Amino acid sequence: MATTDVAAPKKTKAKARYLKKKKEKRKQRAKVAKVESEKKAKKARKAEHVNEESGSEDDEDEEEEMNVDEEPQIPVVIEKTEREKKKEKKRKNLDSSLSGKHDVPGPEIEPAEFELDHDEEKEQDEGEDIEIDADQEPPTQVPAEDIEPELPLGVLPSFPLPSHPDAPSKSTLALQGLDKHITEAEIVHPSTVLPIPGEGAEEGGTRLSEKTRRRLKDLGITELFAVQTALIPYLIPQSKIERNLYRPFDPPRDVCVSAPTGSGKTLAYVLPILELLQTRVVTRLRALVVLPTRDLVAQVRETFEVLNKGRGLKIGSVSGQQSFAHEQSQLVHDRHSDLLGGSSKVDILICTPGRLMDHLLGTPNFSLQHLRFLVVDEADRLLAQSFQDWLSQVLSAIRTPKKPDWDHDDTLTATTDLSEDISHPYPDGLAPNNLQSLSLPSIPTFLHEEPESSCQKLLFSATLTRDPGKIAMLELRNPKYVIVQGHGEGEESTKESGVLKVMMEKFAMPESLKEHMIVTDSMKKPLIMFHLVHSHNVTNALVFTKSAESTTRLLRLFEFFEEARTATGQKQSTSIIAKAYSSDLGFQERKTILEDFKAQKINILICSDLISRGMDISHVSHVVSYDAPVDIRKYVHRAGRTARAGREGDAWTLVEEQEARYFKKMLSDADHLKNVKRMKISESATEPLVPYYESALDSLRKAYARQ
Ligand SMILES: Nc1ncnc2c1ncn2[C@@H]1O[C@H](COP(=O)(O)OP(=O)(O)OP(=O)(O)O)[C@@H](O)[C@H]1O
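Remember, predicted model here, so these are calculated numbers, not experimental data. Along each chain, residues carry numbers from 1 onward, in the same order as the chain's sequence is written. The predicted origin of the model limits local features to residues at a pLDDT of at least 70 and limits the giving and counting of side-chain atom pairs to 80 or more, whereas totals for whole chains, interfaces and linings rest on all residues.

K.L.:
Is there a simple way to think about the overall build of the protein in this case?
P.N.:
Starting at the N terminus, helices and strands are each numbered in turn, a helix being any DSSP run of H or I of at least four residues and a strand any DSSP run of E of at least two. Per the secondary structure count, the protein includes 26 helices and 19 strands. Backbone-placed C-beta atoms define the burial measure: a residue is buried with 20 or more other C-beta atoms within 10 Å of its own, exposed with 12 or fewer, and partly exposed in between. A total of 707 residues make up the protein; the buried ones form 33% of that total. By definition, residue pairs are in contact when their C-beta atoms, positioned from the backbone, come within 7 Å. Within the protein, contacts between residues separated by at least 24 positions form 79% of all contacts whose residues are at least 6 apart in sequence.

This is the structure we're talking about:
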């Protein structure tokens, strides 16, 4: 008994409280004061009796005992109905079998023994109750409805069996253990804009110089978009001191940005880089922009060049598009002597991670030690690529060189021979980052702080990674998160909900995008696509397939279809010009095709996912996912090739019947299913095109048979 009492103190307390309440009610029902006094008298007599037997008992225990042993005992037993007796017996058995606490066999129970047990318990609990507020609610583990009020006295109430607590919701889990910087993210509504004041006016909060504002106006840009409103003034500090390129003892915070496709992320980093670097005196490599594909490198370089006009900063790119030796000659002045701090022909370098690694390891005097900005665009994609461990190599190359070891004679003995590794040339002693590291110990200084690299990392994506491991790899310094995120009707817009959406991969899409899915038989997919193109007069579209090979096959079928259609049936209608765009083509060929598409000499680009990320072709009115994307990130980036910069756009996805369930689940997990409407195409709608389609299939079969 003793051990069980110790093992279950809470249970005992709850029971005691229940019994106490019951007793209070009973007291209130006492109508006659006379009966009360009689009871007290009897109690006193009983107290004497008990004290003689077992030492001191308090008043309440005595009262309880009296109720059972003395006068009321017999009437209570008599008044019990058959049902109550059965219930009592059942309960005793249940209690004893569940907890073993009341080890009393049901039928042979001795009332006296039972009362004694009960009183012992009560005695203990009354003592505890002194510290507890009498009005206190019963403990949650014993809900009031579980206690049956008609239980006879002396019968312990049953307690609910232990049960599993409810599993935490997905949203609770997504927010658990999040870095505090993420929970403190700045949430910006996509409709936020900041007008750019014209020439002669104040900068109007944009922090942009007059030169830049003039250039933007020439390009037709009159206001900053949401992501730019949040980022440009933040990255261009107001005070002159803070605009210093290097602040080794007060380095800038890193920034992570999640904003929808086509929302203007590129200008959000291009403009601050150009503004801050224009004060530089000598050319050093100060900004490095890393992108996942050559096509994107070419696109971003163009944006830099357009905005750099009249500023004189030198911009370069390396992506393997030219020979390695040629790229080397574009990057550094001198590849043959060891130069302090390396040498650079460019202020800004735009590159792919693979080629960057080649130069870091193979181009003498190519150094990242003057880097002020490291931009990782399409960050989630780049972090998924290992490419010779590019990220850790880059991070180690931008770190402030370690203080050399000084021996007791004040002679310099560097711990490592820095000249050994061509990728890390001798540190430039004059670079503000390094001044402290090269100071002689004999010069007294009160500064004990180690200088830090002033390199600011800027990460961008429409589908920012939520993987804490990947984020940790970046070694971010006090990162500021900016999330451009709207909210649906009836949804509350709080910081928490914005963060939650990104963490649960509920990515924001452009508000001007209309999305549809068409569930179809796989055999009819080409016919459906041709029908969509013709019935909606689509003349500027990207059609995504799952591979370079499917791209070629679909293009050939489409060309045969157009041939058949224009040759026989609809003589008046002009043929739609389509071209393939995939990794099967060389870079120059792709470049020419892209230029023709931008010039609208080509109507439809049938492409692989090579251009599903980042490519900015403003006039794309439709995106067709001919093969349904298999993950939500791919869906977001493909669809995001249209409806850019606030323009209207349609995204259609053809879903084969057997894929429909998976596709819908993918959208539903991203809380996006409601945004994608179902489009039904009847047989009669496609019927007029069937003869051309059949003829095209026949031609394709023959063409493949010839090969
Ligand atoms: N403030 C602005 N006013 C007008 N047009 C703008 C503005 N900012 C950017 N744009 C235009 O919006 C288009 C999309 O910009 P950008 O390519 O930077 O989008 P993004 O957010 O990087 O998209 P993605 O995630 O797909 O790479 C570009 O054509 C760009 O010129």
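K.L.:
In this structure, what is going on with unusual backbone geometry? I would like to understand it.
P.N.:
As a rule of thumb, non-glycine residues mostly have phi less than zero, and peptide bonds are mostly trans rather than cis. Of note, Glu378 is a non-glycine position whose phi angle comes to about 55 degrees, a positive value. Mapping Glu378 onto the fold places it in the loop between strand 8 (373-376) and helix 16 (379-383). Here Glu378 falls in the buried class, since 22 other C-beta atoms lie within 10 Å of it. For Asn537, which is not glycine, the phi torsion reads 45 degrees and is therefore positive. Along the chain, Asn537 falls in the loop between helix 20 (525-535) and strand 14 (541-544). Exposure remark for Asn537: the 8 C-beta atoms within 10 Å place this residue in the exposed category.

K.L.:
What is the right way to look at the packing of helix 15 (residues 353-362) against helix 17 (residues 390-398) in this model?
P.N.:
Describing two packed helices takes the angle between their axes plus the distance from one axis to the other. For every element, the axis is a line fit to its C-alpha atoms; helices are fit only across the contacting stretch, and the angle between N-to-C directions ranges from 0 to 180 degrees. Helix 17 packs onto helix 15 with a crossing angle of 45 degrees between their chain directions and a minimal axis gap of 10 Å. In terms of orientation, helix 15 lies oblique with respect to helix 17. The two elements helix 15 and helix 17 cross, and the hand of that crossing is left-handed. Residue-level contacts link Pro353, Leu356, Met357 and Leu360 of helix 15 to Trp390, Gln393 and Ala397 of helix 17. Across the contact of helix 15 with helix 17, the residue classes tally to six nonpolar, one polar and no charged. Any angle that falls under 35 degrees is termed roughly parallel, while one over 145 is termed roughly antiparallel, one within 65 to 115 roughly perpendicular, and all others oblique. In this scheme, a crossing is called left-handed if the near helix is turned counterclockwise away from the far one by less than a right angle; it is called right-handed if the turn is clockwise. Polarity classes work like this: nonpolar for Ala, Val, Leu, Ile, Met, Phe, Trp, Tyr, Cys and Pro, charged for Asp, Glu, Lys and Arg, and polar for all others, with Gly in that last group.

K.L.:
Explain the site of the ligand to me, please; I cannot follow it from the model alone.
P.N.:
Around the ligand there are 20 residues in total, and Thr261, Gly264, Lys265, Thr266 and Ala645 lie nearest to it. Of all the secondary structure elements, the ones that give two or more residues to the shell around the ligand are strand 3 (223-224) and helix 12 (265-277). With three residues, helix 12 is the single largest residue contributor to the shell around the ligand. Taken together, the residues of the shell around the ligand sort by class into seven nonpolar, nine polar and four charged. What fixes the domain bounds is an automatic or database domain assignment. Counting only domains with at least three residues in the shell around the ligand, you end up with domain 1 (186-400 + 452-461) and domain 2 (513-705). Any residue qualifies as near a molecule or strand once its backbone-derived C-beta atom lies within 6 Å of it.

K.L.:
How should the sheet that holds strand 16 (residues 604-607) be read in this particular structure?
P.N.:
Paired through backbone hydrogen bonds, the strands of a sheet run either parallel or antiparallel to each other. Two strands are counted as paired when DSSP detects at least two bridges linking them. Read across the open sheet, the seven strands follow the order 15-16-14-17-18-13-19; overall the sheet is parallel. Looking at the sheet topology across the chains shown, the edges are occupied by strand 15 (578-581) and strand 19 (676-678). Across the sheet, the axes of successive neighbouring strands diverge by a mean angle of 20 degrees, strand direction being ignored. Pairing geometry for strand 13 (residues 513-520) and strand 18 (residues 649-656), over eight bridges, is parallel. Pairing of Lys514 across the sheet is with Asp650, part of strand 18. Strands in contact with helix 20 are strand 13, strand 14, strand 16, strand 17 (622-625) and strand 18; relative to strand 18, the strand with the most contacts, it is inclined by about 165 degrees.

K.L.:
Before we go on, may I ask you to explain the packing of helix 12 against helix 13 (residues 294-308) in this structure?
P.N.:
At a minimum axis separation of 10 Å, helix 12 and helix 13 run at an interaxial angle of 45 degrees. As the angle between them shows, helix 12 and helix 13 are arranged oblique. Note on packing geometry: the crossing formed by helix 12 with helix 13 is right-handed. The residues of helix 13 that touch helix 12, namely those facing Thr266, Val270, Leu271 and Leu274, are Val300, Thr303, Phe304, Leu307 and Asn308.

K.L.:
For this particular structure, what's the right way to read the pairing of strand 13?
P.N.:
Here strand 13 pairs with strand 19 via three bridges, running parallel. Bridging from a neighbouring strand, Met517 pairs with Arg678 of strand 19.

K.L.:
Explain the environment of Phe373 to me, please; I cannot follow it from the model alone.
P.N.:
Checked against the element boundaries, Phe373 lands in strand 8. Residue classification places Phe373 among the buried residues on the basis of 22 C-beta atoms within 10 Å. When the C-alpha positions of Phe373 and Ser453 are compared, they lie 11 Å apart, and in sequence the two are 80 residues distant. Not counting the four nearest positions on each side in its chain, Phe373 is found in contact with Ile273, Arg286, Ala287, Gln456 and Leu458.

K.L.:
When you look at the sheet that holds strand 1 (residues 186-188) in this model, what are you seeing that I'm missing?
P.N.:
If you walk across this open sheet you meet the eight strands as 1-12-4-11-8-5-7-6, and the pairing is parallel. Only two strands of the sheet have a single neighbouring strand rather than two, namely strand 1 and strand 6 (315-318). Shown here is a sheet whose adjacent strand axes are inclined to one another by a mean of 15 degrees, direction ignored. Here four bridges tie strand 8 to strand 11 (residues 456-461), and the two strands are oriented parallel to one another. For Val375, the partnering residue across the bridge sits in strand 11 and is Leu458. Of the strands in this sheet, strand 5 (287-290), strand 6 and strand 7 (348-351) are in contact with helix 15, which crosses strand 6 at around 100 degrees.

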